[in-house]
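Chain and residue survey
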Amino acid sequence: VQLQASGGGVVQPGESLRLTCAASGRIGSFNVMAWHRQAPGKERELAAAAGSAGDTTYANSVKGRFTISRDNAENTIYLQMNSLKPEDTAIYYCSAARFDGSSWNDYWGQGTQVTVSS
């Protein structure tokens, strides 16, 4: 499967953005769909994840501000980001993970840049 992320841009603090990750194949079979981010000079970190059962996980730094959702029918995941802060500036990557019974298989999309600056 190929993943295509989009929706990044330059916004001011307090504004919102919605990131979209479109998959070339069915995402319903993936156990986890997620958004990760990597800020300049820092390691990549998990921002939000959505399991196939509808469960979600968020980094403490984005809880209450970001919402991840997955649309299996459209093979797309979203990341709604509200009340953005300068520290949210990063390249955001979407990923898909599937457990085949013995190992995890991960797929990554290209990143989309989010810049929060006044």
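Residues numbered from 1 in each chain as written. Predicted model: local features only at pLDDT ≥ 70, side-chain atom pairs only at ≥ 80, totals over all residues. Heavy atoms only, no water.

A closer look at the side chain of Ser-95
Here Ser-95 is to be found in strand E9 (residues 90–99). There is a polar contact of 3.1 Å between the side chain of Ser-95 and the side chain of His-36. Apart from residues no more than four positions distant in its own chain, Ser-95 is found in contact with Leu-3, Val-32, Met-33, Ala-34, His-36, Tyr-107 and Trp-108. (Helix = DSSP H or I, 4+ residues; strand = E, 2+ residues; numbered from the N terminus. Polar contact = N/O pair within 3.5 Å; in protein donor to acceptor, adjacent residues only side chain to side chain. Contact = heavy atoms within 4.5 Å.)

Quick notes on the pairing of strand E1 (residues 3–6)
Only one face of E1 is buried: it carries Leu-3 and Ala-5, and the other face, with Gln-4 and Ser-6, is open. With four bridges joining them, E1 and strand E3 (residues 17–23) adopt antiparallel strand pairing. Residue pairing across strands places Ala-5 opposite Cys-21, the latter belonging to E3. (Buried < 20%, exposed > 50% of the residue type's maximum accessible area, 1.4 Å probe, protein only. Pairing = 2+ DSSP bridges.)

Here we look at the side chain of Arg-37
Relative to the helices and strands, Arg-37 resides in strand E4 (residues 32–38). Note on Arg-37: relative accessible area 6%, which makes it buried. Side chain to side chain, Arg-37 and Tyr-92 meet in a polar contact 3.0 Å long. Not counting chain neighbours up to four residues away, the residues in contact with Arg-37 comprise Glu-43, Arg-44, Glu-45, Ala-47, Ser-61, Val-62, Phe-66, Glu-87, Asp-88, Ala-90, Ile-91 and Tyr-92.

Considerations on the pattern of salt bridges
Enumeration over the complete set of coordinates arrives at three salt bridges. Between Arg-37 and Glu-45 there is a salt bridge, and its shortest N-O distance comes to 2.8 Å. For Glu-45, a relative accessible area of 35% translates into the label partly exposed. Here Arg-65 makes a salt bridge to Asp-88, at a shortest N to O gap of 2.7 Å. Highlighted residues: Arg-65 in the loop between strand E6 (56–58) and strand E7 (66–71) and Asp-88 in the loop between strand E8 (76–81) and E9, separated in sequence by 23 residues. Like Arg-65, the residue Asp-88 is buried in the burial classification. (Salt bridge = Lys/Arg side-chain N within 4 Å of Asp/Glu carboxyl O.)

Some points on the sheet that holds E3
What the four strands build is an open sheet, ordered E1-E3-E8-E7; its pairing is antiparallel. This sheet does not close on itself; its edge strands, each paired only once, are E1 and E7. With direction set aside, neighbouring strand axes in the sheet form an average angle of 15°. When E7 meets E8, the two strands line up antiparallel, connected through six bridges. Along E8, the bridge assignment pairs Ile-68 with Leu-79. (Axes fitted to C-alpha atoms, helices over the stretch in contact; angles between N-to-C directions.)

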